[in-house]
Amino acid sequence: MKKIEAIIRKSKYRLVKEALHEVGVNFLSYWDVTGIGNEKEGHVYRGVSYSTSDIQRRHIAIVVNDDFEEITVQTIIKAASTGEVGDGKVFVSDIKEAYRIRTGEKGGKTLN
């Protein structure tokens, strides 16, 4: 099993969620986060200068079976990309085990 975490633009969350549902990822957790990015210069919008060093993002966490890792990652990248600095990151890590609390089942079948 793999844990896939993505930090994306908040404006792209709905597109990412819908794209994941289309490929069969129907469960995910998310939360709003603030981070500091690599961009050093500010932006001007309607005459107001604002800093882009503290960036509002959405953090998504998904656990999938190993054979679903690539489609999940590629779906996130495709749906979240704008081609601009600040599109985000995707991280993949191994999950040793999963348990379903209700039944005590363990393993990959708990993800369904």
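Before any of the text, the structure's been laid out above.
Residues numbered from 1 in each chain as written. Predicted model: local features only at pLDDT ≥ 70, side-chain atom pairs only at ≥ 80, totals over all residues. Heavy atoms only, no water.

What follows concerns the packing of aromatic side chains. The full count for this structure, using the stated rule, is one aromatic pair. Look at tyrosine 13 and tyrosine 30: their rings are 4.7 Å apart centre to centre, the planes differ by 40°, and that puts the pair in the tilted class. Pair noted here: tyrosine 13 is in helix α1 (residues 13–22) and tyrosine 30 is in strand β2 (residues 29–36), with a separation of 17 residues, a long-range link. With relative accessibility at 9%, the residue tyrosine 13 sits in the buried group. Under the relative-accessibility criterion, tyrosine 30 is labelled partly exposed at 43%. We note arginine 58 situated over the ring of tyrosine 13; from NZ or CZ to the ring centre the distance is 4.7 Å. (Phe/Tyr/Trp six-rings, centres within 6.5 Å; stacked < 30°, edge-to-face > 60°. Helix = DSSP H or I, 4+ residues; strand = E, 2+ residues; numbered from the N terminus. Buried < 20%, exposed > 50% of the residue type's maximum accessible area, 1.4 Å probe, protein only. Lys NZ or Arg CZ within 6 Å of the ring centre and 35° of its normal.)

As enumerated under the stated definition, the model contains six salt bridges in all. For the salt bridge of aspartate 32 with lysine 10, the shortest nitrogen-to-oxygen distance reads 3.7 Å. Here the residue aspartate 32 occupies a position in strand β2, and lysine 10 occupies one in the loop between β1 (2–9) and α1, the gap between them amounting to 22 residues. For aspartate 32, a relative accessible area of 42% gives the class partly exposed. Between arginine 100 and glutamate 105 there is a salt bridge; the shortest N-O distance is 2.6 Å. Its relative accessible area of 27% is what places glutamate 105 among the partly exposed residues. Shared partners join several salt bridges into a network, and the residues in it are Lys10, Asp32 and Arg58. (Salt bridge = Lys/Arg side-chain N within 4 Å of Asp/Glu carboxyl O.)

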